[in-house]
Amino acid sequence: MSSDNTNTIESVLQEERIFPPSVDLASKARINSLDTYQRMFNEANRDLETFWGEAARKELQWFEPFSKVLDWTTPPFARWFEGGKTNISSNCLDRHLDGPRADKTALIWEGEPGDVRRFTYRELHQEVCRAANALKAIGIGKGDLVALYMPMVPEAAIAMLACARIGAPHSVVFGGFSAEALRDRLIDGEAKAVITADGGFRKDKAIPLKSAVDQALGESACPSVTTVLVVKRTNESVSMEAGRDYWWHELVANQNTDCVAEPMDSEDRLFVLYTSGSTGKPKGVVHTTAGYNLWTHLTFQWIFDIREDDVYWCTADVGWITGHSYIVYGPLSNGATTVMYEGAPRPSNPGAFWELIQKHGITIFYTAPTAIRAFMKSGRSVPDNYDMTSLRLLGTVGEPINPEAWMWYREVIGGGRCPIVDTWWQTETGGVMISPLPGATPTKPGSATLPLPGVDADVVDSEGNSVSVDEGGYLVVRKPWPGMMRTVHGNPKRFRESYWEFLRPSDGSFIYFAGDGARKDVDGYFWIMGRVDDVINVSGHRLGTMEVESALVSHPAVSEAAVVGRPDDLKGEAIVAFVTLENKRVASESLLKDLRSHVGQEIGPIARPDEIRFSEALPKTRSGKIMRRILRALASGEEVSGDTSTLEDRSVLDRLRA
Ligand code: 7RM
């Protein structure tokens, strides 16, 4: 197992602090005690189908009822709520229009230069209908994949909901990815249209997006794409290709504000979202309509114990799963007020987040440990300038949170009174799997605590057997759940192999494993230890070491590259690349710069190595495999321990050390 994680065994074993839920919160909460949680958990475990069947009937609106809760006859391919017809866009909008919620604020958007837009549920419904009709007008229909390459503007959420409304699956590509990365995803998904913007604002700068789309589509690279819809955001001049490119404000504005939601089969595709794995190109994770809707709806309700007057803010980008599930679908499905922020804290405005909390009276705040650690570093004097007494609940997601950052978050941001929900989940799981429930679960700093009802999580050895208390192992889920991914787009074999065949217990059952190590303590609390595969978690963003290596070797000067993660105080992990050069090429400062920007162009700025070490050779086994274990130790300045006898050439190690 790799040791690249923030929670070292030593620090979490010493962790003895326990914070019980506040009496006030528990008295009002839906799940108001550990007993209630336990009862639900046992109920779900005893009879999964009755539990989820009842929940689906109660929590979602259906055009037609489902006839079967779960079909698990051909594992690992699950089918949930078959026979049912529903639509997530109508569950997020239409169902709130009958009563007082119609005029409640659904979305508050704060732009980077300080512009604000608000939409009530009625207004959002109208905008989504208009956009849905515009999509129809350009020939997009049920089953057509629409790619989104957007800044954090309301139109990103509107476009997602519009796609869902007409049954066109979306494929959101994070706006920070490069034209190359966008092209790969457009080709893999055979996207029919791209929705983008002229550009977006990021940390006081305007970043072009439309020109990257042009580049991705250049030389007829993506023949499936027939239309590009462009939102005006930065007012930069862009080139528009006649017959292919349309302005959003011209096409959408004149559309009808009514568009009947398409009745979708429960298992119809809702979206594809690409995520990094340990091998090959990023995988297109497929989620379907009803199961994903139920999962994001219910987990949002449970974890944040959402109330009618909450103002909820998740700081993620809609380009990641956290934005999909917990900026857009989960909150809107529950009729909550969700906040979307285009910007990020930056040196010119270090208090940006706290100002927003004060300004909008945010009650629930959900962010990533990497952000918390950055704030911690600049000290409490910044947040102390703001009134954040509106906050009642805090959340974290994306990577393990170290107990020090957890305590700081609780004391400085939460004023010592707000519970913290540390939520463990993945793109593949659709929504949260392991998390405290704020009215029920006592928390321990650094632990994601207990699995949600219906989540049969465990920590196991390589045979699939549970390990003992406090022993490290693989984090797995033993039973299917409604929000689970259904397949890898275009590659069911890869789905089976990557997630369900790594561990095959002797009883033949299928258990889900997606790359994390963990341990369970004496109270059954989960402590996530980080990835055990070749995936690096940089500031909560997943990157495959292979992806970065491929990008490096595509540079003409590079002969071979090996990429590993090194623990980093701020980012969780930093990217370290070991590179050997082609004959006659010499290492230099300018080549180093060149390689970093090359990786930026191939994948995106988040993938640029923090450190590149030029080396004459890489440590390999006799069969030619790069020994990453050795490189990981070297990168983090640790002693190279363990067996090095399989090294083909021991002098390589000595030279690398020097
Ligand atoms: C939601 C998201 C998934 C990977 C996952 C973990 C890590 C996420 C936590 C966490 C410890 C957490 N999706 N991870 N949440 N590790 N504690 N609360 O991040 O697909 O982009 O990444 O992130 O390693 O496997 S993701």
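Criteria and thresholds
- Residues numbered from 1 in each chain as written.
- Predicted model: local features only at pLDDT ≥ 70, side-chain atom pairs only at ≥ 80, totals over all residues.
- Heavy atoms only, no water.
- Helix = DSSP H or I, 4+ residues; strand = E, 2+ residues; numbered from the N terminus.
- Rg over C-alpha atoms; globule rule 2.2 N^0.38 Å.
- Buried < 20%, exposed > 50% of the residue type's maximum accessible area, 1.4 Å probe, protein only.
- Contact = heavy atoms within 4.5 Å.
- Areas by Shrake-Rupley, 256 points an atom, 1.4 Å probe, with all protein chains shown as cover.
- Phe/Tyr/Trp six-rings, centres within 6.5 Å; stacked < 30°, edge-to-face > 60°.
- Lys NZ or Arg CZ within 6 Å of the ring centre and 35° of its normal.
- Salt bridge = Lys/Arg side-chain N within 4 Å of Asp/Glu carboxyl O.
- Arc of directions from axis to C-beta.
- Pairing = 2+ DSSP bridges.
- Axes fitted to C-alpha atoms, helices over the stretch in contact; angles between N-to-C directions.
- Parallel < 35°, antiparallel > 145°, perpendicular 65-115°, else oblique.
- Left-handed = near helix turned anticlockwise from the far one by under 90°.
- Nonpolar A, V, L, I, M, F, W, Y, C, P; charged D, E, K, R; others polar.
- Near = heavy atom within 4 Å.
- Polar contact = N/O pair within 3.5 Å; in protein donor to acceptor, adjacent residues only side chain to side chain.
- Core = buried A, V, L, I, M, F, W, Y, C linked by side-chain atoms within 4.5 Å.
- Patch = residues over 30% accessible without salt bridge, like charges linked within 9 Å, V, L, I, M, F, W, Y side chains within 5 Å.
- Lys, Arg positive; Asp, Glu negative; His and termini not counted.
- Charge placed at Lys NZ, Arg CZ, Asp CG, Glu CD.
- Disulfide = S-S within 2.5 Å.

### Section: the overall build of the protein chain
Then step 1. A count of helical and extended segments in the protein chain gives 20 helices and 30 strands.
Then step 2. Expected size for 658 residues packed as a compact globule is a radius of gyration near 26 Å; at 24 Å, the protein chain falls within 12% of this value.
Then step 3. C-alpha extents for the protein chain along the principal axes are approximately 75 × 65 × 60 Å.
Then step 4. By residue count, 61% of the 658 residues in the protein chain fall in the buried class.
Then step 5. Intrachain contacts of the protein chain at a sequence separation of at least 6 include 71% that bridge at least 24 residues.
Then step 6. Accessible surface, the protein chain: about 24700 Å² in total, of which carbon and sulfur atoms supply 48%.

### Some thoughts on the packing of aromatic side chains
Then step 1. One pass over the structure, following the stated rule, counts 41 aromatic pairs.
Then step 2. A ring pair is formed by tyrosine 37 and phenylalanine 41, whose centres lie 5.8 Å apart and whose planes are at 40°; its orientation type is tilted. With a gap of 4 residues between them, tyrosine 37 and phenylalanine 41 both fall in helix H3 (residues 34-46), about one helical turn apart.
Then step 3. Centre to centre, the rings of tryptophan 313 and tyrosine 341 are 5.8 Å apart; their planes meet at 80°, and the pair counts as edge-to-face. Placement of the pair is tryptophan 313 in strand E16 (residues 311-314) and tyrosine 341 in strand E17 (residues 337-341), with a sequence separation of 28 residues. Note on accessibility: tryptophan 313 and tyrosine 341 belong to one class, buried.
Then step 4. By the ring-pair criterion, three or more aromatic residues cluster together here, those being Trp72, Phe77, Trp481, Phe495, Tyr499, Trp500 and Tyr512.
Then step 5. It is arginine 185 that lies over the ring of phenylalanine 177; its NZ or CZ is 4.5 Å from the centre.
Then step 6. Sitting above the plane of the phenylalanine 510 ring, arginine 504 keeps its charged end 4.2 Å from the centroid.

### Describing the pattern of salt bridges
Then step 1. Scanning the model with the defined rule gives 48 salt bridges in all.
Then step 2. The partner of glutamate 127 in a salt bridge is arginine 130, with the nearest N and O atoms 3.2 Å apart. Here the residue glutamate 127 and the residue arginine 130 both occupy positions in helix H6 (residues 121-137), the gap between them amounting to 3 residues, near one helical turn.
Then step 3. Taking the relative accessible area as the measure of exposure, arginine 130 reaches 18% and is therefore buried.
Then step 4. The network of salt bridges with shared partners includes Lys210, Asp214, Glu241, Arg244 and Asp245.

### Digging into helix H20 (residues 650-657)
Given 3.6 residues per turn, any residue in an α-helix points the same way as the ones three and four places further on.
Then step 1. When H20 is considered as a whole, its buried residues turn out to be Val652, Leu653 and Leu656. Down the axis of H20, the buried side of the element spans an arc of 100°, and every buried residue falls inside it.
Then step 2. Structurally, H20 contributes buried residues whose contacts are with strand E29 (572-581) and helix H19 (628-635).

### Digging into the sheet that holds strand E14 (residues 269-275)
The pairing of strands in a sheet happens through backbone hydrogen bonds and is either parallel or antiparallel.
Then step 1. Pairing is mixed in the open sheet, where 8 strands are placed in the order E12-E11-E8-E6-E7-E14-E15-E23. Each edge of the sheet is formed by a strand with only one pairing partner; in this case those strands are strand E12 (245-247) and strand E23 (487-488).
Then step 2. Pairing geometry for strand E6 (residues 146-149) and strand E8 (residues 193-197), over 4 bridges, is parallel. Across the sheet, residue valine 146 finds its bridge partner in E8, namely alanine 193.

### Some words on the packing of helix H7 (residues 154-166) against helix H12 (residues 321-333)
Then step 1. Packing of H7 against H12 leaves a shortest axis separation of 11 Å and a crossing angle of 60°. As summarised for this structure, H7 and H12 are arranged oblique, according to the angle between their axes. Between H7 and H12 lies a crossing of right-handed hand. Taken together, the residues of H12 that come into contact with H7 (itself represented by Ala157, Met160, Leu161 and Ala164) are His324, Val328, Tyr329 and Leu332.
Then step 2. Counted by class, the contact of H7 with H12 contains 7 nonpolar, 1 polar and no charged residues.

### Here we look at the site of the ligand
Then step 1. Inspection of the region around the ligand gives 17 residues, with Asp422, Thr423, Thr427, Asp516 and Arg531 positioned closest.
Then step 2. With respect to the ligand, the backbone of glycine 398 contributes an N or O atom lying 3.1 Å from a nitrogen atom.
Then step 3. Taken by itself the ligand offers 530 Å² of open surface, and the protein chains cover 96% of this.
Then step 4. Mapped onto the shell around the ligand, the elements with two or more residues apiece are H12, strand E20 (420-423) and strand E25 (526-531).

### Things to note about the pairing of strand E10 (residues 205-208)
Then step 1. As defined by bridge partners, strand E9 (residues 199-202) adjoins E10 across 4 bridges and the pair is classed as antiparallel. In the strand pairing of E10, phenylalanine 201 is matched with alanine 206.
Then step 2. Connecting E9 to the next strand, E10, in antiparallel fashion are 2 residues, including lysine 203 with a positive phi near 45°.

### Looking at the nonpolar core
Then step 1. Core analysis: the biggest nonpolar cluster contains 171 residues, and Trp52, Phe81, Leu124 and Tyr329 have the highest contact counts within it.
Then step 2. Filtering out sequence-adjacent residues up to four positions away, tryptophan 52 remains in contact with Val69, Trp80, Phe81, Leu294, Trp295, Leu298, Trp302, Pro453, Gly454 and Pro482.
Then step 3. In terms of nonpolar packing, the next biggest core, distinct from the first, is built from 30 residues, Ile108, Val339, Ala371 and Tyr409 among them.

### A short note on the sheet that holds strand E24 (residues 512-520)
Then step 1. Judged by pairing direction, the sheet is antiparallel, and its 4 strands sit side by side in the order E21-E22-E24-E25 without closing on themselves. Only two strands of the sheet have a single partner each, and these edge strands are strand E21 (457-460) and E25. Shown here is a sheet whose adjacent strand axes are inclined to one another by a mean of 45°, direction ignored.

### Structural notes on the packing of helix H14 (residues 369-378) against helix H15 (residues 403-413)
Then step 1. Following both chains from N to C, one finds H14 and H15 inclined at 75°, their axes separated by 10 Å at the closest point. Accordingly, the angle class assigned to the pair H14 and H15 is roughly perpendicular. Listed contacts from H15 to Ile372, Arg373, Phe375 and Met376 of H14 are Glu404, Ala405, Trp408 and Tyr409.
Then step 2. Considered class by class, the residues forming the contact of H14 with H15 number 6 nonpolar, no polar and 2 charged.

### Describing a negative patch on the surface
Then step 1. A cluster of like negative charges, contributed by Glu43, Asp47, Glu49 and Glu54, occupies part of the molecular surface.
Then step 2. Turning to its location among the elements, glutamate 43 is positioned in helix H3.

### Focus: the state of the cysteines
Two cysteines joined by a covalent bond between their sulfur atoms form a disulfide.
Then step 1. Taken as a whole and judged by the stated rule, the model has 0 disulfides.
Then step 2. The structure places no disulfide on cysteine 129, whose sulfur is separated from the nearest cysteine sulfur, that of cysteine 259, by 5.4 Å.
Then step 3. Residue cysteine 163 stays outside any disulfide, its sulfur separated by 11 Å from that of cysteine 259, the closest cysteine.

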